[in-house]
Amino acid sequence: MTTTSPSLAERLEFVRTGIADAARRADRDPGAITTVVVTKFHPASLVRDLADLGVRDIGENRHQEAQSKAAELADLDLTWHFVGQVQGKKARAVRGYANVIHSVDRESLVSALGSEQSVIDCFVQVNLTDDPERGGVRPDLLEPLVESVLATAGLRLLGLMAVAPLGEEPRAAFARVRGLSDGIRRLSPSSTALSMGMSQDYPAAVLEGATHLRIGTAITGNRPVRS
Ligand SMILES: *Cc1c(COP(=O)(O)O)cnc(C)c1O
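Described below are features of the structure shown in this document.

Conventions adopted
Residues numbered from 1 in each chain as written. Predicted model: local features only at pLDDT ≥ 70, side-chain atom pairs only at ≥ 80, totals over all residues. Heavy atoms only, no water. Helix = DSSP H or I, 4+ residues; strand = E, 2+ residues; numbered from the N terminus. Rg over C-alpha atoms; globule rule 2.2 N^0.38 Å. Buried < 20%, exposed > 50% of the residue type's maximum accessible area, 1.4 Å probe, protein only. Contact = heavy atoms within 4.5 Å. Areas by Shrake-Rupley, 256 points an atom, 1.4 Å probe, with all protein chains shown as cover. Lys, Arg positive; Asp, Glu negative; His and termini not counted. Charge placed at Lys NZ, Arg CZ, Asp CG, Glu CD. Near = heavy atom within 4 Å. Nonpolar A, V, L, I, M, F, W, Y, C, P; charged D, E, K, R; others polar. Polar contact = N/O pair within 3.5 Å; in protein donor to acceptor, adjacent residues only side chain to side chain. Expected span 1.5 Å × (residues − 1). Arc of directions from axis to C-beta. Salt bridge = Lys/Arg side-chain N within 4 Å of Asp/Glu carboxyl O.

## Quick notes on the overall build of the protein
- When helices and strands are tallied, the protein shows 9 helices and 8 strands.
- In summary, the protein has a C-alpha radius of gyration of 17 Å against a globular reference of 17 Å for 227 residues, a match within 12%.
- Expressed as lengths along the three principal axes of its C-alpha atoms, the size of the protein is roughly 60 × 40 × 35 Å.
- Residues classed as buried in the protein amount to 50% of the 227 residues present.
- Pairs at least 24 apart in sequence give 55% of the contacts found in the protein among residues at least 6 apart.
- Split by element, the accessible area of the protein, about 11200 Å² in all, is 50% carbon and sulfur.
- Side chains of the protein give 26 positive and 28 negative charges; the mean places of these two sets differ by 2 Å.

And the structure:
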């Protein structure tokens, strides 16, 4: 007997069903949830296959890789989400091809991303761990950072982004983000989006109100190994 691994279309369908199930449990409209398929380390051809299956939102976390894929696939008119840490000196370049930046996490990056010419959508990333090496602003520094995003031309704040920490029940972590989001609504009533939920924990994120899921391996399969 042979077993074949599921195809890209089957994995995508499986995840779409999982999102719809979680949305139903939460009494939410699955159509109000954007699934960003994170394609880091995979070739541009996989992004093209995803586009053929109806995927419009693509996530990347490494600047050079993202820049070259976006250039190669410019004909597809996809929405590119940058979900990785942004180096200050690369900020202008990331703005050049990304439509949404999920990882605004410090004042210096806010200044580097500002523009008088055009507006880009962004999320402020919150660090839910005690490890400063992880991306994201400490929750106690969130409000001043949000205020500076709001005061900077060229940035439209959609809401908050976070990664559930290892060792914490994901739903509890996402509930914390939801609480922080309620707090910043006072500063920016329209910044209600929540970018949270990955391959292992997206149902919990949907239950806690995620509007943008960032899903990689559950859809793409394992990432190719790079040396
Ligand atoms: C890689 C990545 C994801 C997707 O992770 P999976 O576990 O493969 O779903 C989501 N968010 C960020 C910030 C990532 O770097």
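## Things to note about the site of the ligand
- In the region of the ligand, the neighbouring residues are V38, K40, N61, V83, M198, S199, R214, I215, G216, T217 and R223.
- Against a free-state accessible area of 390 Å², the protein chains account for coverage of 88% of the ligand.
- Of the residues contributing to the shell around the ligand, the split by class is 4 nonpolar, 4 polar and 3 charged.

## Things to note about the side chain of K69
- Mapped onto the elements, K69 comes out in helix α3 (residues 63-72).
- A distance of 2.8 Å separates polar atoms of two side chains, one belonging to K69 and the other to E65.
- Apart from the residues lying within four places of it in its own chain, the contact partners of K69 are T39, K40, F41, H42, P43, A44, V47, E60 and W80.

## Quick word on helix α7 (residues 170-184)
- Here α7 contains 15 residues, and its C-alpha end-to-end distance of 21 Å stays within 8% of the 21 Å for a straight helix at 1.5 Å per residue.
- Those residues of α7 not exposed but buried are A173, F174, V177, S181 and I184. Mapping the buried residues of α7 onto a view down its axis gives an arc of 95°, with all of them on the same face.
- The inward-facing, buried residues of α7 abut α6 (142-150), β6 (155-162), β7 (193-195) and α8 (202-207).

## Re the environment of L166
- With respect to the secondary-structure elements, L166 resides in the loop between β6 and α7.
- With 38 residues separating them in the primary sequence, L166 and L128 have C-alpha atoms 9.9 Å apart.

## So, the pattern of salt bridges
- Counted by the stated rule, this structure contains 13 salt bridges.
- Across the pair K69 and E65 runs a salt bridge, and its minimum N-O distance is 2.8 Å. In this pair, K69 and E65 are both assigned in helix α3, 4 residues apart and thus about one turn of the helix distant. This pair shows no difference in class: K69 is buried, exactly as E65 is.

## Things to note about the side chain of D105
- Within the secondary structure layout, D105 lies in the loop between β4 (100-104) and α5 (107-113).
- One polar contact links D105 to R106, side chain to side chain, over a distance of 2.8 Å.

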